[in-house]
Amino acid sequence: QVQLVESGGGLVQAGGSLRLSCAASGRIPSINVMGWYRQAPGKQRELVATITSGDITNYADSVKGRFTISRNNAKNTVALQMNSLKPEDTAVYYCNCYSIVFKNSYWGQGTQVTVSS
């Protein structure tokens, strides 16, 4: 099992910045993709950004150029730096760890990000 704990959410004005962090523990698969997803009220959960064990990144078009995902493999952490935030970025943000070999997906409990206009 893998445990994921997010932190760093909060309330920010439009144009501001927030940094989310996720700490992974437990039996972390060596070959994995870490990522951030978000779910706004009444909407489906959507991909925000992912990063592989080899630091290959992928971003949703809506956040390209504003958000940056990074990871520290030694500390088993993944972060999401969010700049130029918009009200439409308001959502619960979830950390995810996906095992490529075993095709298991693990989720954190989520952290609320609210962007006021």
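Rules behind the numbers
Residues numbered from 1 in each chain as written. Predicted model: local features only at pLDDT ≥ 70, side-chain atom pairs only at ≥ 80, totals over all residues. Heavy atoms only, no water. Patch = residues over 30% accessible without salt bridge, like charges linked within 9 Å, V, L, I, M, F, W, Y side chains within 5 Å. Areas by Shrake-Rupley, 256 points an atom, 1.4 Å probe, with all protein chains shown as cover. Salt bridge = Lys/Arg side-chain N within 4 Å of Asp/Glu carboxyl O. Helix = DSSP H or I, 4+ residues; strand = E, 2+ residues; numbered from the N terminus. Buried < 20%, exposed > 50% of the residue type's maximum accessible area, 1.4 Å probe, protein only. Phe/Tyr/Trp six-rings, centres within 6.5 Å; stacked < 30°, edge-to-face > 60°. Lys NZ or Arg CZ within 6 Å of the ring centre and 35° of its normal.

A. View of a nonpolar patch on the surface. On the surface, Ile31, Ile100, Val101 and Phe102 cluster together to form a nonpolar patch covering roughly 410 Å² of accessible area. Residue position: Ile100 is located in the loop between strand 9 (91-99) and strand 10 (105-107). For Ile100, a relative accessible area of 39% corresponds to the partly exposed category.

B. Here's a closer look at the packing of aromatic side chains. Counted under the stated rule, the structure contains 2 aromatic pairs. With centroids separated by 5.1 Å and ring planes inclined at 70 degrees, the aromatic side chains of Tyr37 and Trp107 adopt a geometry described as edge-to-face. With a gap of 70 residues between them, Tyr37 in strand 4 (residues 32-39) and Trp107 in strand 10 connect regions that are remote in the sequence. When its relative accessible area of 36% is taken as the criterion, Trp107 is described as partly exposed. Considering the side-chain rings of Tyr94 and Trp107, the 6.5 Å spacing of their centres and the 85 degrees angle between planes classify their relative orientation as edge-to-face. Here the residue Tyr94 occupies a position in strand 9, and Trp107 occupies one in strand 10, the gap between them amounting to 13 residues. Each member of the aromatic cluster is reached from another via a ring pair, and the members are Tyr37, Tyr94 and Trp107. Taking NZ or CZ as reference, Arg45 lies 3.7 Å from the ring centre of Tyr94, over its face.

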